[in-house]
Amino acid sequence: MEENVITTEERKKELFYKPAHAAAVMDDEAIAQADSFCEGYKDFLDAAKTEREAVEEAIALARANGFREYEPGAYYPAGSKVYYNNRGKAVVLAVIGALGLGEGARIVAAHIDSPRLDLKPNPLYEDAGEAFFKTHYYGGIKKYQWTAIPLALHGVVVKKDGSAVRVRLGENPEDPKFVITDLLPHLAGEQMKKPLATGVEGEDLNILVGSRPFDRSDAADNIKLHILDLLNRSYGITEADFLSAELEIVPAFSACDIGFDRSMIGAYGQDDRVCAYPALMALLDTEEPEKTGVCVLTDKEEIGSEGNTGLNSDYLRFFIEALARSEGLSGGEVLSRSCCLSADVNAAFDPIYPGVFEKQNVSYINRGVVVTKYTGSRGKGGSSDAGAELLAEVRRLFDDAGVCWQTGELGKVDAGGGGTVARFVAGMNVDVVDVGVPVLSMHAPFEVTAKLDVWAAYKACLAFFA
Ligand code: MN
Ligand code: MN
């Protein structure tokens, strides 16, 4: 009788878990599809640098794909496509499934706010012949990264009569840009001895906005007056109108390819548009699903999901409850049968800084979408630790659909930590797990992702909604 000989290599293949480079498991056509998908993603990044712009872009894309604004109380039959705009800063989109909501919904939640500098309520001042805006940073930033780079001003000013003025300056080639100056190395001896955390302080993040006086008259505050005069002529606003404004300073550069092989994308705000865009496109490409598909693009994740446009508010629950009621179901029944991918980024291993990562559990660029069982810090604190049963389902779902995926843990135990919207979704009694794209230089003004991972995120969401 012949013995069945298994080589050591074969036995390893059978028993070891080893995620591969996405390019090694994709054919030429799939790689070309991934690259072409990322062209649309780069356009989205440039068009949607703030949460308000992301909502507008998402709704425009959705409307072009047959979505209509949700009408409270209306009954939506299977196949209906609706969206709910929450105050212009968050949006929920849904495709009603053949089973309605009786079997629960399939929810993908991503956030569309990113770290940035917000103008203070009274921002404008003049000092030593220069005019500045004072800022208060939003989200976790390394302050020194925001000096000496071109910046743009985006946002809205709402005047006392309720009329809104949109601002978007610094994005077109002919637009002026803004900057935070930094000290020259020749005089930075003392500054350079400071730790990175305090080398540039929060109150030093002042935006240079002008230097010529009104009427060319060299009197006190005439440079400030000149800026206000220009703003008044362009936007019809006065200094008091800053009090009712949301003006955000973001990097002025646009998304581009990175590397000789063009395998990566460099851009501002990829945390978390790199998940928001694939999630949105996947829902737009979902026709007649079994279960109702829901895509939430939320605000305020970077400051703890607080406020009524963040997922710690009840807006998603209210939306799903309203859909449930129209089918004669209770919101609680529907939510407890629902499942959610909390689509947020994870930190990719960076070989320049290997010390903070644990090589066996960290995610790597180009190994596909990252499934993160838990986040949190100091012993999973603040995390929604996804159940083994849910992870088994996700493994099956992704493997059956040929989704390239890997696991990930943010960094070494006790190296730091972070959280996502997962715990707020879990708070609604929904099964939820974090699934997202690995990012290099996360939260920097210019973040890096790999194109094949962006594509994997799209394929993962598509399989989830199908
Ligand atoms: Mn994020
Ligand atoms: Mn973040």
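Above this text you will find the structure in question.
Residues numbered from 1 in each chain as written. Chains lettered and ligands numbered in written order. Predicted model: local features only at pLDDT ≥ 70, side-chain atom pairs only at ≥ 80, totals over all residues. Heavy atoms only, no water.

Draft legend 1. Quick peek at the coordination of the manganese ion (ligand 1). Protein coordination at the manganese ion (ligand 1) comes from H111 (NE2), D271 (OD), D344 (OD) and D344 (OD), with a distance range of 2.1 to 2.6 Å. Here the donor residues of the manganese ion (ligand 1) are spaced in sequence according to H-x159-D-x72-D. (Donors = N, O, S within 2.8 Å, 3.2 Å for Na, K, Ca; no water.)

Draft legend 2. Local environment of the pattern of salt bridges. This model, assessed by the stated rule, comprises 25 salt bridges. Close ionic contact of R168 with E53 constitutes a salt bridge, the shortest N to O distance being 2.9 Å. Of the two residues, R168 sits in strand 8 (residues 164-169) while E53 sits in helix 4 (residues 51-64), which places them 115 residues apart along the sequence. In this structure, the salt-bridge partner of D299 is K300, at a minimum N-O distance of 2.9 Å. Note on accessibility: D299 and K300 belong to one class, buried. Shared partners join several salt bridges into a network, and the residues in it are E39, K42, D257, R262 and K451. (Salt bridge = Lys/Arg side-chain N within 4 Å of Asp/Glu carboxyl O. Helix = DSSP H or I, 4+ residues; strand = E, 2+ residues; numbered from the N terminus. Buried < 20%, exposed > 50% of the residue type's maximum accessible area, 1.4 Å probe, protein only.)

Draft legend 3. Representation of the coordination of the manganese ion (ligand 2) in the model. Every protein donor of the manganese ion (ligand 2) is accounted for by D271 (OD), E302 (OE), E302 (OE) and H443 (NE2), and the metal-donor separations fall at 2.1 to 2.6 Å. All donors of the manganese ion (ligand 2) come from a single chain, and their spacing in sequence reads D-x30-E-x140-H. A spacing of 3.3 Å is found between the manganese ion (ligand 2) and the manganese ion (ligand 1), which share D271 as a donor. Residue D271 is located in helix 8 (residues 270-284), and its partner E302 is located in the loop between strand 13 (292-298) and helix 9 (315-326); the two are separated by 31 residues in the primary sequence.

Draft legend 4. Examining the side chain of S363 more closely. Position of S363 relative to the elements: it lies in the loop between strand 15 (346-347) and strand 16 (369-372). Among the residues examined, S363 registers a relative accessible area of 0% and is labelled buried. Side-chain polar atoms of S363 contact the backbone oxygen of A347, separated by 3.1 Å. Ignoring anything within four residues of it in the chain, the contact list for S363 reads N346, A347, A348, F349, V370, Q406, T407, G408 and P438. (Polar contact = N/O pair within 3.5 Å; in protein donor to acceptor, adjacent residues only side chain to side chain. Contact = heavy atoms within 4.5 Å.)

Draft legend 5. Representation of the sheet that holds strand 8 within the structure. Pairing within the open sheet is antiparallel, and its six strands lie in the order 8-7-10-5-6-9. For this open sheet the edge positions go to strand 8 and strand 9 (207-210), each flanked by a neighbour on one side alone. Pairwise comparison of adjacent strand axes, ignoring direction, gives a mean angle of 30° for this sheet. Summarising the sheet, strand 5 (residues 116-127) and strand 10 (residues 245-251) pair through two bridges and their orientation is antiparallel. Looking across to strand 10, one finds that L117 is bridged to I249. Along the sheet face, helix 4 touches strand 5, strand 7 (151-158), strand 8 and strand 10 and points at about 100° away from the line of strand 8. (Pairing = 2+ DSSP bridges. Axes fitted to C-alpha atoms, helices over the stretch in contact; angles between N-to-C directions.)

Draft legend 6. Region of the structure containing the nonpolar core. Among the nonpolar cores identified, the biggest contains 67 residues, and L93, V369, F398 and V433 are the most heavily contacted of them. It is helix 13 (residues 451-465) that contributes the most residues to this core, eleven residues altogether. Residues in contact with F398, not counting those within four places in the same chain, are L341, V369, V371, V403, W405, V435 and A460. (Core = buried A, V, L, I, M, F, W, Y, C linked by side-chain atoms within 4.5 Å.)

Draft legend 7. Structural view of the environment of Y235. In this structure, Y235 sits in helix 7 (residues 222-235). Classification of Y235 by relative accessible area gives partly exposed; the value is 21%. Separated by 172 residues in the primary sequence, Y235 and T407 place their C-alpha atoms 49 Å from one another.

Draft legend 8. Local environment of the side chain of R116. Residue position: R116 is located in strand 5. The contacts of R116, once residues within four sequence positions are left out, are E51, Y137, Y138, I141, W146, E248, I249, V250 and Y268.

Draft legend 9. Representation of the pairing of strand 8 in the model. Across six bridges, strand 7 lies against strand 8 in antiparallel orientation. Bridged to V156 within strand 8 is R166. The turn linking strand 7 back onto strand 8 is made up of five residues, and G162 within it adopts a positive phi angle of 95°.

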